[in-house]
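# Architecture and fold: a report
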Amino acid sequence: MSALGTVGKMLQNSLSRGGAKRTKKNPAPELEKGTFDYISEPKSDYFSVGFAKTDVMPDDMDKTTYYVAGYKINNPAKGALDPMTASAIWIDDQSGRGGVVFVSIDDIGLTNYDVGIIRDMLADFKKETGCRSINIMSIHNHASIDTVGFWGPLPRSGRNKKYMEMLRQKVKQVVIDAYNDRREGDLYYGKKEAEEIQRDSRLPEVYSKDVTRFRFVPKDGSREVWMINFASHTESLLGKNSYVSADFAGYLRNEILEKTGAETIYFVGAIGGLIRLKELDEDNVKSTMMGGQSIAHTAMAIKDERKLRPILNYMRQEYYAQCDNYVLALVQRVGILKSHAAYTGKGSLNMSIHTEMNYFELDGLKLLFLPCELFPELAYGGYLDAEGSAEGKSPDINPTPLLQIANDDNMLIFCLSNDFTGYVVPPNDFYLNPNEPYINGARDRLDRRHYEETNSLGPETAPIVASVFAGIMDTVNKTKAEAEKAVK
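Residues numbered from 1 in each chain as written. Predicted model: local features only at pLDDT ≥ 70, side-chain atom pairs only at ≥ 80, totals over all residues. Heavy atoms only, no water.

### Quick word on the overall build of the protein chain
Of regular secondary structure, the protein chain possesses 10 helices and 22 strands. Scaling as 2.2 N^0.38, a compact globule of 488 residues should have a C-alpha radius of gyration of about 23 Å, and the protein chain matches this with 22 Å. Within the protein chain, buried positions represent 60% of all 488 residues. Pairs at least 24 residues apart make up 80% of the contacts formed inside the protein chain by residues separated by at least 6 positions. Surface summary for the protein chain: the accessible area is close to 19900 Å², and the carbon and sulfur share equals 47%. (Helix = DSSP H or I, 4+ residues; strand = E, 2+ residues; numbered from the N terminus. Rg over C-alpha atoms; globule rule 2.2 N^0.38 Å. Buried < 20%, exposed > 50% of the residue type's maximum accessible area, 1.4 Å probe, protein only. Contact = heavy atoms within 4.5 Å. Areas by Shrake-Rupley, 256 points an atom, 1.4 Å probe, with all protein chains shown as cover.)

### So, the packing of aromatic side chains
Enumeration according to the criterion identifies 19 aromatic pairs in this entry. Taken together, a centroid distance of 4.3 Å and an interplanar angle of 15° make the contact between phenylalanine 369 and phenylalanine 414 stacked. With phenylalanine 369 in strand E17 (residues 365-369) and phenylalanine 414 in strand E19 (residues 412-414), the pair connects residues that are 45 residues apart, well separated along the chain. Taking the relative accessible area as the measure of exposure, phenylalanine 414 reaches 1% and is therefore buried. The interplanar angle of 75° and the centroid separation of 6.1 Å between the aromatic rings of tyrosine 423 and tyrosine 451 together place this pair among those described as edge-to-face. In this pair, tyrosine 423 sits in strand E20 (residues 423-424) while tyrosine 451 sits in the loop between strand E22 (449-450) and helix H10 (461-487), placing the two residues 28 residues apart along the sequence. By relative accessible area, tyrosine 423 is classed as buried at 4%. Relative accessible area serves as the criterion here: at 28%, tyrosine 451 is assigned to the partly exposed category. Clustering of aromatic rings is evident, with ring pairs tying together Phe102, Phe267, Tyr314, Phe360, Phe369 and Phe414. Cation over ring: arginine 213 sits above tryptophan 226, and NZ or CZ is 4.5 Å from the ring centre. (Phe/Tyr/Trp six-rings, centres within 6.5 Å; stacked < 30°, edge-to-face > 60°. Lys NZ or Arg CZ within 6 Å of the ring centre and 35° of its normal.)

### A few points about the pairing of strand E3 (residues 85-92)
Each regular strand carries side chains that alternate between the two faces of the sheet. The element E3 is extensively covered by neighbouring structure, given that eight of its eight residues are classed as buried. Neither face of E3 is open: one carries Thr85, Ser87, Ile89 and Ile91, the other Ala86, Ala88, Trp90 and Asp92, and all of them are buried. Pairing between strand E1 (residues 47-55) and E3: eight bridges, direction antiparallel. Residue pairing in the sheet places glycine 50 in a bridge with tryptophan 90 of E3. (Pairing = 2+ DSSP bridges.)

### Some remarks on the layout of surface pockets
Volume-wise, the second largest pocket comes out at about 270 Å³. Considering the residues around the second largest pocket, the lining is formed by Leu31, Gln317, Glu318, Tyr319, Tyr320, Gln322, Thr344, Lys346, Ser352, Ile464, Ser467 and Val468. Residue assignment for the lining of the second largest pocket shows that the elements contributing at least two residues are strand E14 (312-323) and H10. When its residues are assigned to classes, the lining of the second largest pocket shows five nonpolar, five polar and two charged. (1 Å grid on protein atoms, 1.4 Å probe; cavity = no way out; pocket = protein on both sides within 12 Å on 5 of 7 lines; lining within 4 Å. Points joined across faces, edges and corners; volume = space filled by probe spheres on them. Nonpolar A, V, L, I, M, F, W, Y, C, P; charged D, E, K, R; others polar.)

### Quick look at the environment of lysine 346
One can find lysine 346 in the loop between strand E15 (341-342) and strand E16 (351-362). With a relative accessible area of 52%, lysine 346 lands in the exposed category. Through-space distance from the C-alpha of lysine 346 to that of tyrosine 320 is 9.9 Å; in sequence the pair is 26 residues apart. Each residue touching lysine 346, except ones within four places of it in the same chain, is listed here: Gln322 and Met351.

### As for the environment of valine 56
By the element assignment, valine 56 lies in the loop between E1 and strand E2 (79-80). The spatial distance from the C-alpha of valine 56 to the C-alpha of glycine 116 is 19 Å, given a sequence separation of 60 residues. Excluding its chain neighbours within four sequence positions, the residues that come into contact with valine 56 are Met84, Thr85, Ala86, Tyr163, Met166, Leu167 and Lys170.

### Some thoughts on the confidence of the model for the protein chain
Residues with a pLDDT of 70 or more make up 100% of the protein chain, whose mean pLDDT is 97. Looking at the elements of the protein chain, mean pLDDT is at its lowest for helix H1 (residues 3-25), recorded as 87, and at its highest for E17, recorded as 99. (pLDDT = per-residue confidence, 0-100.)

### Section: the pattern of salt bridges
Enumeration according to the criterion identifies 36 salt bridges in this entry. In this structure, lysine 478 engages aspartate 474 in a salt bridge whose closest nitrogen and oxygen atoms are separated by 3.3 Å. Here aspartate 474 and lysine 478 lie together in helix H10, a separation of four residues that amounts to about one turn. The network of salt bridges with common partners includes Arg202, Asp429, Asp444, Arg448, Glu452 and Glu453. (Salt bridge = Lys/Arg side-chain N within 4 Å of Asp/Glu carboxyl O.)

### Thoughts on the side chain of threonine 23
Mapped onto the secondary structure, threonine 23 falls in helix H1. Residue classification places threonine 23 among the buried residues on the basis of a relative accessible area of 19%. Those residues in contact with threonine 23, other than ones at most four positions away along the chain, are Tyr343, Thr344, Gly345 and Asn350.

### Some thoughts on the side chain of arginine 159
Tracing the sequence through the fold places arginine 159 in the loop between strand E5 (133-138) and helix H4 (161-180). A relative accessible area of 17% places arginine 159 in the buried class. Only 2.7 Å separates the side chain of arginine 159 from the side chain of aspartate 114, close enough to count as a polar contact. Polar contacts involving the side chain of arginine 159 include one to the main-chain carbonyl oxygen of threonine 147, which spans 3.0 Å. Once residues within four sequence positions are removed from consideration, arginine 159 is found in contact with Tyr113, Asp114, Asp146, Thr147, Val148, Gly149, Met164, Arg168, Ile336 and Lys338. (Polar contact = N/O pair within 3.5 Å; in protein donor to acceptor, adjacent residues only side chain to side chain.)

Following this line, the structure appears as structure tokens:
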């Protein structure tokens, strides 16, 4: 083992002992099982939907150092190519149960710590409006200002306290503005395969090619609102970039607005493994523009839509995600990473992250919101076989793919939702550097690179995610069965 690996082992042992002591003194409380808020028939003829957007740029970039997130550490921003924004959409099925809010931010990610602060800031709003659920998503933008802390001049955090306070206030206001913008109308759903612009950086080649679109058409003839979901890291400007930008998402939204007059809120799908756009031009800025416009053109070309009945059912489930990554545990302990540690007595560190999963059904269309960067094969299947895996492990040790658990090939995956918990890697291809685990990436017996494991909680994350979702589906199915029985 290298000197660095020896230090890591000592650190792991120290954190494990500390976690064991904390488990005895302050054990993680048991989490309540969620309930499925369900109706089978609509109570209204229309949805009520509102939209708002705002920039989330600091006004002192010429005076204060901000760090570009997503690639190398200590990469001070030289300026801005275009603004980062935050958008919010309010959706209410007008059943009397209250609306739901989805926020999308052009950042690298927000942990549940910051999401919790924003939700607390909106507590009065939630009470006054009857809002059922507030969901804060990130587009995992690698040209954003660091909102997590990893990309500063370590061991100092890259997070700027003043900026984070401003960001939270902006998100609070954009949620309120979306509510105030609400109007009645119809909601349509459709999808279309994207052009050949994606690449899968790690075997197996499994990912969703679909651009999915929810299109809200107001009764009053005012501008439409589109919700777009697509599977790609938002990183077309690549690692040599030192400028803040919304990356291709900004060009996507602008193209749709210019060509159709519709406002767009953008979300990312299952992007682990690592799914991103191909380089479409030698000039990274031009390539970024082309990628965003290509996705926009696919979204605009969607023809086969179905009108959704105003039914929006919902379930939230909190859970503990076991943490075996002692590097992530350390940066959490010293305050660089703001997250909610829970001492569960499980795993090598006796520590877990308190996080959540959210599940929605829009007129029967299933939507799963995950706090992580999920490897697509964990959703869609297509695992590596034993011969192709890092250490010859059988795919039988992997969990049942999420769409199979849902018994629905059309379920949509939304990632980086309400937390930032890292990659989720299939267990049979989870491989650590034998000398410097979680510190440096590794190359396996087939000379394949294993980087994502260093930014994961550990090998147990995938089974935990599948188990929590299986519990959600069990509750959903039982609730529906009980409702049908009551009608009969």
